[in-house]
Amino acid sequence: MKKVIIGIFLCVACIQLSHAQANLPTSTARAATNAEQELLDLSKAKWQWMSDKQVDTLNGLFDEKCVFVHMGGSWGKKQELNTIKNGFIWYKKAEVYGASVNIFGNTAILLNDIDLLAVVGGNEVVHAFMVTEVYLKEDGKWKMGSLTFSTLLRPVKMTAPKP
């Protein structure tokens, strides 16, 4: 009898855990909620604003305490905007292969599986990244709190344009 009760408990626990999985870029596609779609659209627009060096628009998106983690270091909002404005890093093109959003109250974590074509120190480079974006909803508006680039071990999929 004890084994039966333990077996039933484990089955119920497994069923509960299988429904509590995080939404990941590699997860089976499901329809995004309105809030999730709003964030996916905002993230997509952000990649374009970064490519176009629209620092005024990005200034409104980035929270004052926003942090940025890159392969070469980490810094705050002012330095990131300066980096974009002066072309120290030109986010030329982000090819997004998968994106997902997990919302926890007024906090959202967005993951992007991307290849990033960038110009860094005058050199054009392409890297595969999982980019983690953290957003905070304040006064009905999403603000970015963090942007982190994590190198992926998968091969780059993007074909870099010929000079």
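Residues numbered from 1 in each chain as written. Predicted model: local features only at pLDDT ≥ 70, side-chain atom pairs only at ≥ 80, totals over all residues. Heavy atoms only, no water.

## Section: the nonpolar core
Counting residues in each nonpolar core, the largest one holds 28 residues, and the members touching the most others are Phe62, Tyr135, Met144 and Phe149. Elements represented by at least two residues in this core include exactly helix 2 (34-51), helix 3 (55-61), strand 1 (62-70), helix 4 (77-85), strand 3 (89-104), strand 4 (107-120), strand 5 (123-138) and strand 6 (141-151). Ranked by the residues each element gives to this core, the list is headed by strand 4, at five residues. Among residues more than four places away in sequence, those in contact with Met144 are Lys46, Leu61, Phe62, Asp63, Cys66, Phe68, Glu133, Val134 and Tyr135. (Core = buried A, V, L, I, M, F, W, Y, C linked by side-chain atoms within 4.5 Å. Buried < 20%, exposed > 50% of the residue type's maximum accessible area, 1.4 Å probe, protein only. Helix = DSSP H or I, 4+ residues; strand = E, 2+ residues; numbered from the N terminus. Contact = heavy atoms within 4.5 Å.)

## Considerations on helix 4
Taken together, the buried positions of helix 4 are occupied by Lys77, Glu80, Leu81, Thr83 and Ile84. Down the axis, helix 4 shows its buried residues gathered within 155° of arc, on one side only. The exposed set on the far side of helix 4, more than 90 degrees from its buried face, consists of Lys78 and Lys85. Buried-residue contacts for helix 4 involve helix 2, helix 3, strand 1, strand 2 (73-76) and strand 3. Phi turns positive, to about 75°, at Gly87, one or two residues after helix 4. (Arc of directions from axis to C-beta.)

Nothing here speaks to function; it is all geometry.
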